[in-house]
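Structural description and commentary
As a plain string of letters, each chain reads:
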Amino acid sequence: MTAAPGTARPRSAREVYRDLLPELMRADHRLFCLDSDTGLFEAAAFAEVPGRYLNLGIAEHNLMGTAAGLAASGNVPFVTTMATFAATRALEAIKIDIAYNALPVRIVATHGGLAAGHLGPTHHALEDLAVMRALPGFTVVVPGDAGQAGEAVRQCAALPGPAYVRLGRSATPDLDGAAPGAGPFEIGRAQWLRRGGDVAIVACGPHPVLAAVRAADRLAERGVRASVLNLHTLRPLDVAAVVAAAEGTAGVVTVEEHWRSGGLGGAVAETLAEHAPARVARVGMPDTFAERAGGQEYLLDRYGITTGAVVAAALNLTGGTHGGGTHDPDLSRV
Amino acid sequence: MGAAAPADPPEADLPTVAHRVREHIVRMCAGPEGGHLGGSMSLVEILTLLYFEVMRVDPRRPAALDRDIFILSKGHGAMCLYAVLAERGFFPVAELAEYSRPGSRLMGHPVRAVPGVEMPTGSLGHGLALANGFAVADRGRRCFAVLGDGELQEGAVWEAAMASAALGLGNLTAVVDRNRLQITGPTEDAIGLEPLADRWRSFGWTVREVDGHDFGALREALAPNGTGAGPPVAVIARTVKGRGLPSLEAETRSHYARLSGRQAERSLAVLQARRRRAGS
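Given the structure is predicted, the values throughout are model-derived calculations rather than measurements. All chains use their own residue numbering, which begins from 1 and follows the written sequence. Just so you know, chain letters begin at A and ligand numbers begin at 1, following the order they were written in. In view of the model being predicted, local features appear only for residues whose pLDDT reaches at least 70, and side-chain atom pairs are presented and counted only at 80 or more, with totals across whole chains, interfaces and linings using the full set of residues. Computation of side-chain values covers all heavy atoms of the structure but excludes hydrogens and water.

Structurally, B:D58 is set in the loop between α3 (44-54) and β1 (69-72). With a 1.4 Å probe rolled over the protein chains alone, any residue whose accessible area is under 20% of its type maximum counts as buried; one over 50% counts as exposed, and the rest are partly exposed. Judged by relative accessible area, B:D58 falls into the buried class, the value being 3%. Put simply, DSSP marks the helices as runs of H or I at least four residues long and the strands as runs of E at least two long, and each gets a number from the N terminus on.

Here it is in structure tokens:
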């Protein structure tokens, strides 16, 4: 059991973003905030940057197109909507109007993964990472906690091309508590949270990264030394770090709040297949939509995105015994 | 940096330019892939007037900061746009012969690699939102989006139309190329659009309805709306698909045509005869 991480000052990434963006806009006249009736922002927060906060209503295609027109005119729009509406409803506008033109639009998507909880599958975003990392030139970032979210927003303001930043909904623990000394957050560079040579665990997003760290600690109690990589940037991917983490180990366990297809697990498997073939076990949402209500934590547990599942997958790779606590009967076939 | 004033358009006889544009379109349709003939022909007067009289553009500096913005939302009208841009001097007219040929930058829908093209378009329903973004970014310039009438069946058009009015984009003009045909036949037999003017009005737009082949009427309709901060303007331009080639005018089959060398020569002869008759 690790020290209870982050209990001191839990913050939600959304709140950090909400507070940070007006500040960034005051410092850089090119920045716009394009809202889609999310309720996250108050217009009064933008009083000092008149005309640069636009609430375009419940119309995500129009949101992305307008952002593209603004960006093509030399501006840097921050677009806010829920991840599921960005990555699916507005995808064509993102692909054609933004990615094709390589425009510096920043899509800050809230409610990533299962964060919408009981609101159900229409509001879960379990495909967004696969979709967004397929688009040429997009930077795709999944901050591990609220502090990293702020850093991601700050750093992506300066990128020349488009970016997708996936945030959750509620407060999550600060990673510092679980992984002190992990070093600064830097877009494009994975963070080493643990170093160990028997097995590698690669994760992104607040809950998966915490599960990875806790799993490493639990594995250590059983004499298995695990590396843990916070692979918060899916594109451009830190190939060197993934290869280094995998080399010499029994294999790599990936952990993500996403369907197993095409997201972090897919990215890691592709990378290793090309550069350093290794066995890969993917912990993520099985091939199904959530069929029961429940909060994010309940759904993560129900669908096996858990510390226990990571431990089980790691032990499976290292030839140890299963100690998993997943409800997912499919896990053994991952 | 401050951009110098765009160059004045060349002394142009608009009907003559329009005639040449139609000839270019016919020749492009005789290329290896054919082309969207009908919906390119219906646009000729609209685009000719915009590029030779209405818009501030500078072919030597397509990215000049003080330019006006044009988005061809109905991207399948690319041949007309390419021909007008070439005639206006954005790239050599001779390059039009490369249309659709392997390695050419002149693809079947507009691409940004072509000088003067602001945005790639072709998937329908994108252009008005893009124009909104350009119009918000600089209210001192005029922005134009040309939409097909069938394209109005895309829901994203109306997302954008609501926003244009809500944002008070008086510097924005949407032109609907109302040729009344889509691939499968009359728009009114598919998902009908009438009463079209009332629909735009109900979304908060000022509506002007004109003959889209009449330069004089178009000139009035495309005039600024006065304040520049008022409602956006929708111009419903009544046009004829395939305009200029009697055998294809108002015919559904004009939507896409691949012309043989002989058909192209015959079509050019028809265009020239029409031009002589109309010519004073």
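Moving on, we come to the domain arrangement of chain A. Where interface size is given, it is often the accessible area lost as the parts come together that is meant. Residue and element names in this part refer to chain A. Delimitation of the domains relies on an automatic or database domain assignment. The domains assigned to chain A are domain 1 (13-166) and domain 2 (182-320). Centre-to-centre separation of domain 1 and domain 2, based on C-alpha positions: 26 Å. Every contact between the two is made by 32 residues of domain 1 and, on the other side, 32 residues of domain 2. Both faces considered, domain 1 and domain 2 share a buried interface measuring about 2,400 Å² in area, 61% of it formed by carbon and sulfur atoms. Accessible area that two parts lose when put together, with a 1.4 Å probe and added across both, is what the buried area reports. On the domain 1 side of the contact with domain 2, L114, L126 and R133 bury the most area, a combined 30% of that side's loss. Within this document, salt bridges are pairs made up of a side-chain nitrogen of Lys or Arg and a carboxyl oxygen of Asp or Glu, the two lying within 4 Å of each other. For the pair domain 1 and domain 2, the number of links is 1 salt bridge. One salt bridge connects R133 with E270, and the closest N-O pair in it is separated by 2.8 Å. The set of elements that each furnish at least two residues to the side of domain 1 that touches domain 2 consists of α5 (128-133), β6 (139-141) and α6 (146-156). The element contributing the most residues to the side of domain 1 that touches domain 2 is α6, with 5 residues. Whether two residues are in contact is decided by their heavy atoms: any pair within 4.5 Å suffices.

What follows covers α6(A). Taken as a whole, α6(A) has its buried residues at A:A146, A:Q148, A:A149, A:G150, A:A152, A:V153 and A:C156. Residues adjacent in sequence count toward polar contacts only when both atoms are side-chain atoms; beyond that, a polar contact is any pair of N or O atoms within 3.5 Å, and within protein one must be able to donate a hydrogen and the other to accept it. Two or three places before A:G147, at the start of α6(A), stands the capping residue A:D145, its side-chain oxygen 3.1 Å from that residue's backbone nitrogen.

Our next topic: the side chain of A:S227. On the secondary structure map, A:S227 appears in strand β11 (residues 226-230). Reaching out from A:S227, the side chain makes a polar contact with the backbone oxygen of A:G196 at a distance of 2.5 Å.

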